[in-house]
Amino acid sequence: MDELQELVVQTGAVAQPEAAANAEPPRLELTVEEIIEDHVGSLGFAQLLHVFFVSIAWVFDAQSTLVTIFSDAQPAWRCKASSSSLPACSATTPAGMCGLDRGAWEWVAGSKSSIIAEWDLVCGKRFQAGIPASLFFLGSAAHGRLADTYIGRKNTVWLSCLLASITAFLTALSPNIWVYTIFRFTNGFARSGVGICCLVLATEVVGRRWRGQVGQYGFFFFTVGFLSLPFMAYPARHSWRAIYKIMSLPPLAYSLLVLPFIAESPRWLAVMGRTQDALLVLEKFAKLNGRKLPPNVSISVPTAASSTAKTESLWSAKWATRRVLFLMAAGFGVGFVYYGVQLNVENLNFNLYFTVGVNALMEIPAIFLGSIFLSFASRRLLFSSSSYVTGAACFLCILFGKNTKSRGSLAQLSIEAIGFMASSMAFDILYVYCVELFPTNVRNFAVSMLRQALMLGAAIAPHLVVLGRLSPAISFVIFGGLSVFSGLVTIWLPETRNAPLCETLEQQEKLEKMNSVPVSETEGVTA
């Protein structure tokens, strides 16, 4: 009997480990943030490749936005040699061309060199020249909710690039200023999803340590697009229509040949309840990085996140509403100055192609310095400091711009370039800051609201540029004042450096309370 009992005990002792060995390992539930940080890699070859191909679209965004520097510029004019009124025709006439008979003068580069030359948008029609650019920026409406809730980041970029290509080509066929204005508005609406979604799509696949640098990486491609404009515009300097036709081709090729191979944001997929699709994307990234996900890993989504993702609104939380309104106030000033200074280069009395090239080159140190500072410095301090430097430079431009009617002041151009570099840094940092201030399910919408404020400022700027043709000092005073205002507004926003990216508003509120982020003290608590 004792032998039988011993045999039973021994058999049980052997059987128990065998059962444990055959049992499935417990599921390892991790958030997308944890999988990226611990298993995919914070920033590896896969993410670099992804960010590179996503960021190419910024080139087209820059070209669409800044092409009016050339297409809507006021070209040089001269007296006609054969005119009978030659003795009375002089460029120093107090009223300029407006004091002369229309047949006494002509455009140096021909009547097709810009929309102003083709449709004579001078003198009494002067302010009509600023309407197309203003409507373009107003057309930069929100694709944010579309990308957050319905079709995702990748598909929004695809749709934006395709529509931007079509509307750019149609712009070249405009028969008059009003049709041109309508097509510029539609082009602005089409391309508005490019910058927003590219920024979010790039930053959502990397770890928190690299978010700032990756955000700046996209702006480098915007600079490439900016730099490409003089090279596109100079060969087509006698035909503004040719510039638009050339500009319509790259985004079409990109949307058909590159975008289909880019992955969707795993964070967005997870929040939408598509956790298996998100896991597949993360597995591909891990494989390219030379890593492997645990076989038992699954994505943990915050409670009811997938069901609330489509219903939770940015306006449903008081702290989020107040936060986005402060951002939009800062964004209005930054957009006004950043785009206004670029469009205002014609009032510096320098060669237009040269000054555009100088400003474009100043974007490079802005991106480089921004990337370095973002790796260790406070977002809020960086933004406000950049805004104050921009304001100071604008005020100094007034002093160095005196008595430069005949030719430009090199000192003024240098100060303007430094101011533009600082405004570019503020512009770039504000986008990165916005990405970090809001959770996944409203992030794209929040960035689009910031974008809308930036574009509202940009929409007013062209009219100030037209006014600057009469008095350049006025434009610099307003640019300087708005820069300082934007820097002051961020005092009421929290710091986000090294903060994790949350998935829902509820999750972010709880996390910020837990980490003693002063949401309740400075911004209020959700209703």
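About the cut-offs
Residues numbered from 1 in each chain as written. Predicted model: local features only at pLDDT ≥ 70, side-chain atom pairs only at ≥ 80, totals over all residues. Heavy atoms only, no water. Patch = residues over 30% accessible without salt bridge, like charges linked within 9 Å, V, L, I, M, F, W, Y side chains within 5 Å. Areas by Shrake-Rupley, 256 points an atom, 1.4 Å probe, with all protein chains shown as cover. Salt bridge = Lys/Arg side-chain N within 4 Å of Asp/Glu carboxyl O. Helix = DSSP H or I, 4+ residues; strand = E, 2+ residues; numbered from the N terminus. Axes fitted to C-alpha atoms, helices over the stretch in contact; angles between N-to-C directions. Parallel < 35°, antiparallel > 145°, perpendicular 65-115°, else oblique. Left-handed = near helix turned anticlockwise from the far one by under 90°. Contact = heavy atoms within 4.5 Å. Disulfide = S-S within 2.5 Å. Buried < 20%, exposed > 50% of the residue type's maximum accessible area, 1.4 Å probe, protein only. Core = buried A, V, L, I, M, F, W, Y, C linked by side-chain atoms within 4.5 Å. Phe/Tyr/Trp six-rings, centres within 6.5 Å; stacked < 30°, edge-to-face > 60°. pLDDT = per-residue confidence, 0-100. Polar contact = N/O pair within 3.5 Å; in protein donor to acceptor, adjacent residues only side chain to side chain. Expected span 1.5 Å × (residues − 1). Nonpolar A, V, L, I, M, F, W, Y, C, P; charged D, E, K, R; others polar. Arc of directions from axis to C-beta.

1. Structural notes on a nonpolar patch on the surface
A surface patch of nonpolar side chains, amounting to about 520 Å² of accessible area, comprises F45, L49, F52, F53, Y217 and L288. Considering each element in turn, the nonpolar patch owes the most residues, four residues, to helix 3 (residues 45–55). In this structure, F52 sits in helix 3.

2. Describing the packing of helix 4 (residues 57–66) against helix 11 (residues 211–233)
Contact pair helix 4 / helix 11: the axes reach a minimum separation of 7 Å and the direction vectors enclose 50°. Looking at the two axes, helix 4 sits oblique to helix 11. For the crossing formed where helix 4 meets helix 11, the hand is right-handed. Residues W58, V59, D61, A62, Q63 and L66 of helix 4 pack against G218, F219, F221, F222, V224, G225, F226, S228, L229 and M232 of helix 11.

3. So, the state of the cysteines
According to the stated counting rule, one finds zero disulfides in the structure shown. With no disulfide partner, C161 has as its closest neighbouring cysteine sulfur the one in C198, 6.6 Å distant. With relative accessibility at 1%, the residue C161 sits in the buried group. For C198, a relative accessible area of 1% puts it in the buried group.

4. Quick look at the nonpolar core
One broad trend across soluble globular proteins is that nonpolar side chains are buried collectively. The biggest cluster of nonpolar side chains holds 120 residues, and the ones touching the most others in it are Y254 and F438. Per-element accounting of this core gives the leading share, 15 residues, to helix 20 (residues 410–437). Counting 25 residues, the second largest nonpolar core, distinct from the first, contains A202, M272, A278 and A286.

5. Describing the environment of A317
Mapped onto the fold, A317 is located in the loop between helix 16 (305–308) and helix 17 (318–343). Relative accessible area serves as the criterion here: at 4%, A317 is assigned to the buried category. Distance in space between the C-alpha atoms of A317 and E506 is 8.8 Å, their sequence separation being 189 residues.

6. So, the packing of aromatic side chains
Aromatic ring pairs: the centre-centre distance and the angle between the two ring planes describe each pair. One pass over the full model with this rule turns up 30 aromatic pairs. Aromatic side chains Y338 and F427 sit 4.2 Å apart centroid to centroid with 20° between the ring planes, which places their arrangement in the stacked category. In this pair, Y338 sits in helix 17 while F427 sits in helix 20, placing the two residues 89 residues apart along the sequence. Given a relative accessible area of 0%, Y338 falls into the buried group. Put simply, the rings of W58, F219, F222, F226, Y338, Y339, F420, F427 and Y431 touch in pairs and so form one group of aromatic residues.

7. Concerning the confidence of the model for the chain
Residue-level pLDDT values for the chain average 81, and 83% of them are 70 or greater. Taken as a whole, residues 517–527 scores under 50 in pLDDT and shows 27 contacts with residues more than four places along the chain or in a different chain.

8. Concerning unusual backbone geometry
Glycine aside, residues mostly have negative phi angles, and peptide bonds mostly take the trans form. Positive phi values are uncommon outside glycine, yet D120 reaches one of about 50°. Relative to the assigned elements, D120 resides in the loop between helix 6 (115–119) and helix 7 (131–138). Backbone geometry at N498 places phi at a positive 65°, although glycine is not the residue there. Considering the arrangement of structural elements, one finds N498 in the loop between helix 22 (472–489) and helix 23 (505–514).

9. Thoughts on the side chain of T65
Along the chain, the position of T65 falls in helix 4. A polar contact is formed between the side chain of T65 and the backbone oxygen of D61, at a distance of 2.7 Å. Within the local environment of T65, its side chain forms a polar contact with the side chain of R191, the two groups lying 2.6 Å apart. Beyond its immediate stretch of four places on either side in the chain, T65 contacts F136, F137, R184, R191 and Y339.

10. Quick word on the environment of Y150
Residue position: Y150 is located in helix 8 (residues 144–150). Note on Y150: relative accessible area 59%, which makes it exposed.

11. Digging into helix 22
Helix length check: helix 22, at 18 residues, gives a terminal C-alpha distance of 27 Å against a target of 26 Å (1.5 Å per residue), a fit within 8%. Taken together, the buried positions of helix 22 are S475, F476, F479, G480, L482, S483, S486, G487 and V489.

12. Some remarks on the packing of helix 17 against helix 23
Contact geometry for helix 17 and helix 23: axes closest at 10 Å, N-to-C directions at 90°. Considering their axes alone, helix 17 and helix 23 lie roughly perpendicular with respect to each other. Contacts between helix 17 and helix 23 involve W319, A320 and R323 on the former and, on the latter, L505, Q508, E509 and E512. By residue class, the composition of the contact of helix 17 with helix 23 is three nonpolar, one polar and three charged.

13. Let's talk about the pattern of salt bridges
Tallied over the entire structure, the rule returns 13 salt bridges. Between E204 and R443 there is a salt bridge, with the nearest N and O atoms lying 2.6 Å from each other. In this pair, E204 sits in the loop between helix 10 (177–203) and helix 11 while R443 sits in helix 21 (residues 440–468), placing the two residues 239 residues apart along the sequence. Here E204 matches R443 in class, with each residue buried. Of the charged contacts in the structure, one is a salt bridge between R211 and E436, with a shortest N-O distance of 3.4 Å. Pair noted here: R211 is in helix 11 and E436 is in helix 20, with a separation of 225 residues, a long-range link. For the pair shown, R211 and E436 are each scored as buried.

14. Considerations on helix 13 (residues 249–257)
Listed as buried for helix 13 are P251, Y254 and S255. Down the axis of helix 13, the smallest arc covering the buried residues is 95°, so these residues share one side. Exposed positions of helix 13 whose direction lies more than 90 degrees from the buried face are L249, L256 and L257. The inward-facing, buried residues of helix 13 contact helix 3, helix 4, helix 9 (152–171) and helix 12 (240–247).

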